[in-house]
Each structure stands twice: as structure tokens, then as C-alpha cells.
Amino acid sequence: MSIVLESLNSALHRVMENDASVYVLGEDILDPYGGAFKVTRGLSTKFPGRVLTTPISEAAIIGVANGMALRGLRPVAEIMFGDFLTLSADQLVNHAAKFRWMYNNNVHVPLVVRTPMGGRRGYGPTHSQSLEKMFLGTPGMKVVAPNTLGNPGQLLEEAISDEDPVLFVEHKLLYTCRLLESGKGDLIDYEYEQSGQTYPNYVLRYPDRIPQLTIATYGYNFELARPVILNLLMEYEIFAEIVLFSQLSPFDLDLLFDSLQRTRRLMTIEEGTLANGWGAEVVARAVEAINRLWVRRVAALDFPVANSRALEDAILPSQKSIMEAALALVKK
Amino acid sequence: MPLRYNVTVMDNNYALYKTMLLIRRFEERLLVEFSAGNLVGTTHVYIGEEADAAGIFSVSDPNDVVFSNHRCHGHFLAYGGEPYRLAAELMGKSTGLVGGRGGSQHIQWRNFYSNGIQGGIVPVATGMALAEKTRQTGKVTLAFIGDGTLGEGVLYESLNMAALWKLPILIVLEDNRYAQTTPVEKGVAGLMSGRFSAFGIPVWERDTTDVLEVCAIAKEAFHYVRSGVGPGVLILHTYRFSAHSKGDDSRLPEELTRIRTFDPLILHKPRVTAEECSNAEAEVLTIVEDAFKRAEADPYPGLSVKE
């Protein structure tokens, strides 16, 4: 049984083996260290000319990757912590995302930017954030997040073969999570349905049950959502279904709307802060599409992510806070 | 038969004069169209700096990669771009270089690119040079910056990488002494050249608007970078005769009069005959008139929601 880290690492090995135009660049990614979270381990040994260790220059790392992408290479750039994406924001928003459209489809930018996001490891305010929400809705750029239900390596391969820029957001705690297997372990009671896109979305439900609540989420939050819906069932006999997104942006919510037609209750879960988050956009679109919805967003409280475990736990969404939100929503 | 403009890449006096004249008359026409209310938005004209573009592109290779900036028209025309397609783009027509989507600052044609973020083009150009090097194409990548660009941090990140990885990038710094309304004395500390030599990057520098002097020094810089040894920088101190864009020029009339003596057309004119001069004037007039007339008649684009 594979863990997310292995899935991502082996995908990079596979892609680099099969496509000589794929280059990997980032800070401290050379072996033996192999990258801060080890996702790039082994690559510099096997593909010595195509793994570039860079100075600490987040803006130029993405800028250089943009130039490489414009001129026939397929760069996979790593930004060591997602918190540092703000340093690269200009190159993402004003260059990578814009070149193709503003140049009237004369060019392509097949760029992938991989970055670990998220807290719960006590790294403190500038190394624990979930900043992906800042890049949602940027025209010309996709935002994608792996999870344990899909195949993270395959998702990364799709991102690398995408002709347009993809921001690939990996939650730090996901790296050591096991990939789920159909009909086994955690998934034993569920059926799930996959939507057929390149970056698949899933709905996870109890077969032959009428759900009362739809939970929409992505990434690591799925690990928190699963025990919550089990708890809702066991303690309250409330059936909930989870709509799990790999593609965060552009927003493709058909699978979610199908579920909402049945439940009319939507709860979103994300680890970033509430305002202008992923959930805010999902809720806005759901309410535009479907009448008589009750909605609730679960997100981090309005504080930086504190270092002390006690504070971090209080600030970030927990099974407890998700449970409370779900019950409040169902009682409406 | 439609008029087609071709730049012959020849290091001769007439061709250089005509290139500079084309840029001058095109940009002057642009300002007229703005004043007449036929063009909206903004633009950054290259008037006064023509020797740089004409000189550089007379010694570059036609296949070299170019990343220009907001003040890109002169570079584009000297590169061999069609005046008509540029005029159409400036007018927002569907026949424009990028279908009206980019306008003055954001154009793309063959290996020519431009964008409107100061400094933002330099890391991109650095990455392009990296790609050209790994693919062994032999192309040099040019990145055009100004004195104002020296304020952007990402420039220095890029210089570091270009030097570390020995990339075939030639950065051309056109110092026209003003970043919008800010003179260099208020914007640039220390030496311009020092910034590049700090990374071990060789600098070719000249204070001139004489196109033959630009040709000579550009030739040296290109030779070095094309050899594959590493990046190089060409600093050309020049003069901007018009405003930064529209209405943003706080210079006094005395200064504007004084710098006109450095007009590259005036400096180069003695090297062509009177007949060549009037021929060039007539041909350029026809080219510019034709470009804007055709562009004026073209349709506007529609928005395809699908993409």
C-alpha cells in the first residue's frame, strides 16, 4: 500500500524517464537531501542534467520556469513552502497565467508549480498556511490538490502534461497518508463515483441511503471529514456524503450540484481562513445554481497559524469544529 | 498588391537610417492618433532612442529570442515586425499581432515577446536562455530593461542564476535617464555597471545615440554571449524625447530642447546622400500611412467565451 509521498515521487521518476523535456527545479532538491519533503528524492542522481538546484529566489524560480515553458521545456518547479508563493505571485499571475491568452494562443506555458501547504506540524505562522485561496479564479491557471482517494502520482502526471500552468498544492500531512483502496479499510462502507475529468472529483456516499448533508472539501481536509461522517452516522443517524475535489480552480461543481439537489445542505471544509476562501466561492456558485440551500463554511479562525500546538489546534479546523458545524447545519 | 515591409539585416548606413526613420515616423503617427482621440489607453513611444534598436537588430541573428518591455515598438519594428500588424494591435483590431488582446505593451510574434511588468521579463528571458542552451539552438536571448528596472529585485535574482548557469542571455539596459518622471539621481544608487559586475557578468557600456557606435559595441557584446561563455550586459545611455507614456513628463522645455541635439537621425544623416534621405522619407511615409489606413478599416474582435 502506497503513501502519497511515494506516489508523487515515483510519478516524477516515471515522467522524467519518459520525457526528456521535463525539468525539475527548486531549492535544496539535489540528492542526498532530495528536497525538504523528499518529493524529489533520487531525481538528481538519475537525471543529473535536468534537476536544477536554485538559489533562494522564489520569484526568479518561477520566472525562469516560465521562460523554459515558453521555449519548449516542461518545468516542474518546487516552492519549498506554500507560504513563499507570495514571493512568486507576480510570475504566476502576470506572466504564467497570462501569456497564452494575451498572446492570442500563439504560445503555451506548460508549467507546474508544486508546493507544500498547511499546518498541524508546529512550524509557525509563516510556514503553516494554506494560501491556495489567493490563486483561485486566476484566469489561465489551474489549482489542483491531491488526496488519498485518487492517485496523487497520476494527478501530478496529468498536471505535467497539461499545456497550461498548474499550481499543485500538496498538504504536508498528506505525504505520509496511505492511499485508500476501494472496498477496504476506511472505504469499506462507501461507494464512490468519479467525475471523468483530467483532475477528477469524487462523491463518496453510503449506498441506498438518503443523505441529509453534503460536505465539500479537498486535500488533507478529507482525512478529517471521513471520521466526522462516520460519527454523524453512529451517534446521530445522520447520513452525509462527501464531494471531494482534486481541481479547486476553475470551479467545476456539477457533481456537487447533483448532491445538493438531494440534500439542500452544503458544508465546505478548508484549512485556510474563511474570508474569500475556496468555500466562499463554492457557496456563492451553489446558491446561484440551486434554490433553498442552507450553507455553512468551516475554515481556520482569523489568526495566523500559531506555533504552539494548543493554539494551532484551536485555530485550525478540527473534527470537533467540523462536527459542530455539521450538526448546526442539519438542525436548520 | 498589399505593401509588405521587409527589413534587410544589413550593417549599412541607408538601412540603418531607414529603420530609425520608420520607428520615428510610426511613433509620431501614434501620438497624432492619440491626440485626435482615435486611440485610447496608453502607449510608451521610443522617440529619441531609435539608434539602440536599429543598431542592435542590425547585428543580432534573425532567430535570436527577444523579450522586450512596455516601450517595445522600436524593438519590434527593428526586429522585422510588420508595422501594419502593430498598428492593428494598437487599435485593438482582430488583425492585430495578438488579436487585440495585448495592445501596446503585450505583443508576440515569432521569437519576439513583450510584457508590461518592470523586471518581470528578466527571469522569463533567463529561463528562455536556459531552454535555448539545453536544446543547443545557438540562439541568444535578449532582454530589454531600463534605468527604472534597476529598482526591481527579481532582476538581481535573475542575474545570479544567469551567471551561475552560464546562460546565453544578453541584457540590454537602455538608460534614458528617467523612470517615468523620476530621474536616475533619485532612483539609482551607486553604479549601474556595478550591479552586473557584482555577479561577474561583463558589461559593455556607451553613452551614445550614434547608431554606428551602437552597432560596434553591440557586435562585441553579441559575440561574447553567442560564444556560450555566459551572460553579458549592454548599457546604452540614451535620451527619451517624449513623455514616459502620455502626459507624464515633468522636464523643463530647456532640457527637452537641449537633448534634441542628440537626435540619432540628425547624427546619422550626414552618412547618407540627400537622395537616399528623401527616398527613405517617402518610403517610410507610405509604409506608415498604409499601415494605419489598413488597420483603421479592420474589424474589432469578438469574445469567444469557450477559451
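Structure: above.
Residues numbered from 1 in each chain as written. Chains lettered and ligands numbered in written order. Predicted model: local features only at pLDDT ≥ 70, side-chain atom pairs only at ≥ 80, totals over all residues.

Caption draft 1: Structural context of the overall build of chain A. Looking only at helices and strands, chain A features 10 helices and 13 strands. Here chain A has a C-alpha radius of gyration of 20 Å; the compact-globule value for 332 residues is 20 Å, and the two agree. Expressed as lengths along the three principal axes of its C-alpha atoms, the size of chain A is roughly 60 × 45 × 40 Å. Relative to all contacts within chain A whose residues are 6 or more apart in sequence, the contacts with residues 24 or more apart total 75%. (Helix = DSSP H or I, 4+ residues; strand = E, 2+ residues; numbered from the N terminus. Rg over C-alpha atoms; globule rule 2.2 N^0.38 Å. Contact = placed C-beta atoms within 7 Å.)

Caption draft 2: Inspection of helix α2 (residues 50-59) of chain B at higher detail. All names here are of chain B. Here α2 lies mainly inside the structure; 9 of its 10 residues are buried. Along α2, the residues classified as buried are E50, A51, D52, A53, A54, G55, I56, F57 and S58. The elements touched by buried residues of α2 are α1 (13-35), α3 (73-79), β5 (169-175), α9 (211-226), β9 (232-237) and α11 (264-268). (Buried ≥ 20, exposed ≤ 12 C-beta atoms within 10 Å, placed from the backbone.)

Caption draft 3: How the structure looks around the interface of chain A and chain B. The partner chain B presents 24 residues to the 25 residues of chain A that form the contact. Residue assignment for the side of chain A that touches chain B shows that the elements contributing at least two residues are α3 (58-70) and α4 (85-102) of chain A. If one sorts the elements of the side of chain A that touches chain B by residue count, α3 of chain A sits on top with 9 residues. For the side of chain A that touches chain B, the class distribution of residues is 12 nonpolar, 11 polar and 2 charged. (Nonpolar A, V, L, I, M, F, W, Y, C, P; charged D, E, K, R; others polar.)

Caption draft 4: Quick peek at the sheet that holds strand β9 (residues 213-218) of chain A. Residues and elements named next belong to chain A. Reading across the sheet, the 6 strands line up as β7-β8-β10-β9-β12-β13 and stay open at both edges, with mixed pairing between neighbours. With one partner strand each, in any of the chains shown, β7 (191-194) and β13 (294-300) form the two edges of the open sheet. In this sheet, adjacent strand axes meet at a mean angle of 20° when their direction is disregarded. Two strands pair when backbone bridges link them, and strand β8 (residues 201-205) and strand β10 (residues 240-245) are joined in this way by 4 bridges, in the antiparallel orientation. Paired with V203 across the strands is V243, a residue of β10. (Pairing = 2+ DSSP bridges. Axes fitted to C-alpha atoms, helices over the stretch in contact; angles between N-to-C directions.)

Caption draft 5: Geometry of unusual backbone geometry. With omega at 5°, the peptide bond leading from D31 of chain A into P32 of chain A counts as cis. Relative to the helices and strands, P32 of chain A is located in the loop between β1 (22-26) and α2 (43-46). Note the cis peptide between S249 of chain A and P250 of chain A, where omega equals -5°. Looking at the element boundaries, P250 of chain A is found in the loop between β11 (247-249) and α7 (254-263). One non-glycine residue, R292 of chain A, adopts positive backbone phi at about 50°. Topologically, R292 of chain A is positioned in the loop between α8 (278-289) and β13. The residue K166 of chain B is not glycine, and still its phi comes out positive at about 55°.

Caption draft 6: Quick peek at the nonpolar core. In this structure, A143, L170 and L234 of chain B are the most contacted members of the largest nonpolar core, which totals 183 residues. A per-element tally of this core places α3 of chain A first, with 9 residues. Lining this core are residues from two domains, each supplying at least three of them: domain 1 (4-176) and domain 2 (185-330) of chain A. Ignoring sequence-local partners within four residues, the contact set of A143 of chain B consists of F67, I121, V122, A125, I169 and I171 of chain B. (Core = buried A, V, L, I, M, F, W, Y, C linked by C-beta atoms within 7 Å. Domains from an automatic or database assignment.)

Caption draft 7: Examining the pairing of strand β8 (residues 203-207) of chain B more closely. Residue and element names in this part refer to chain B. The sheet contact formed by β8 and β9 spans 5 bridges and is parallel. The residue bridging R206 from the neighbouring strand is L236, located in β9. In the classification by handedness, the crossover that spans β8, the intervening α9 and the parallel β9 is right-handed. (Right-handed = clockwise from strand over helix to strand, strands pointing away.)

Caption draft 8: Looking closely at the packing of helix α6 (residues 221-236) of chain A against helix α10 (residues 319-330) of chain A. Residue and element names in this part refer to chain A. Orientation of α6 relative to α10, taken along the N-to-C sense of each, is 50°, at an axis distance of 10 Å. As judged from the angle between their axes, α6 and α10 are oblique. Relative to α10, α6 is oriented so that their crossing is right-handed. In this structure, α6 uses L224, A225, P227, V228, N231 and L232 to contact α10, whose residues at the interface are Q319, I322, M323 and A326. In terms of residue class, the contact of α6 with α10 is made up of 8 nonpolar, 2 polar and no charged. (Parallel < 35°, antiparallel > 145°, perpendicular 65-115°, else oblique. Left-handed = near helix turned anticlockwise from the far one by under 90°.)

Caption draft 9: Fine view of the environment of P202 of chain B. All names here are of chain B. For P202, the position within the fold is in the loop between α8 (192-197) and β8. For the pair P202 and P231, spaced 29 residues apart in the sequence, the C-alpha separation amounts to 7.6 Å. Beyond its immediate stretch of four places on either side in the chain, P202 contacts Y224 and G232.

Caption draft 10: Here's a closer look at the environment of E174 of chain B. All names here are of chain B. Examined against the element boundaries, E174 turns out to sit in strand β5. On the neighbour-count criterion, E174 (24 C-beta atoms within 10 Å) is buried. Measuring from C-alpha to C-alpha, the distance between E174 and I145 comes to 6.3 Å, with 29 residues separating the pair along the chain. Ignoring sequence-local partners within four residues, the contact set of E174 consists of E49, D52, F144, G146, L236 and T238.

Caption draft 11: Here's a closer look at the sheet that holds strand β4 (residues 112-117) of chain A. Residues and elements named next belong to chain A. Spatially, 7 strands are ordered β2-β1-β3-β4-β6-β5-β11 in an open sheet, and the strand pairing comes out mixed. If you trace the sheet from one side to the other, it starts and ends with β2 (51-53) and β11, each paired once. Within the sheet, the average angular offset between the axes of one strand and its neighbour, ignoring direction, is 25°.

Caption draft 12: Spatial organisation of the packing of α3 of chain A against helix α5 (residues 121-134) of chain B. At a closest axis distance of 6 Å, the pairing of α3 of chain A and α5 of chain B adopts a crossing angle of 50°. Taken together, the axes of α3 of chain A and α5 of chain B are oblique relative to one another. Considering the relative orientation of α3 of chain A and α5 of chain B, their crossing is right-handed. Residues A59, A60, G63, V64, A65, N66, G67, M68 and L70 of chain A of α3 of chain A form the contact with α5 of chain B, whose participating residues are P123, V124, A125, T126, G127, M128, L130 and A131 of chain B. In terms of residue class, the contact of α3 of chain A with α5 of chain B is made up of 12 nonpolar, 5 polar and no charged.

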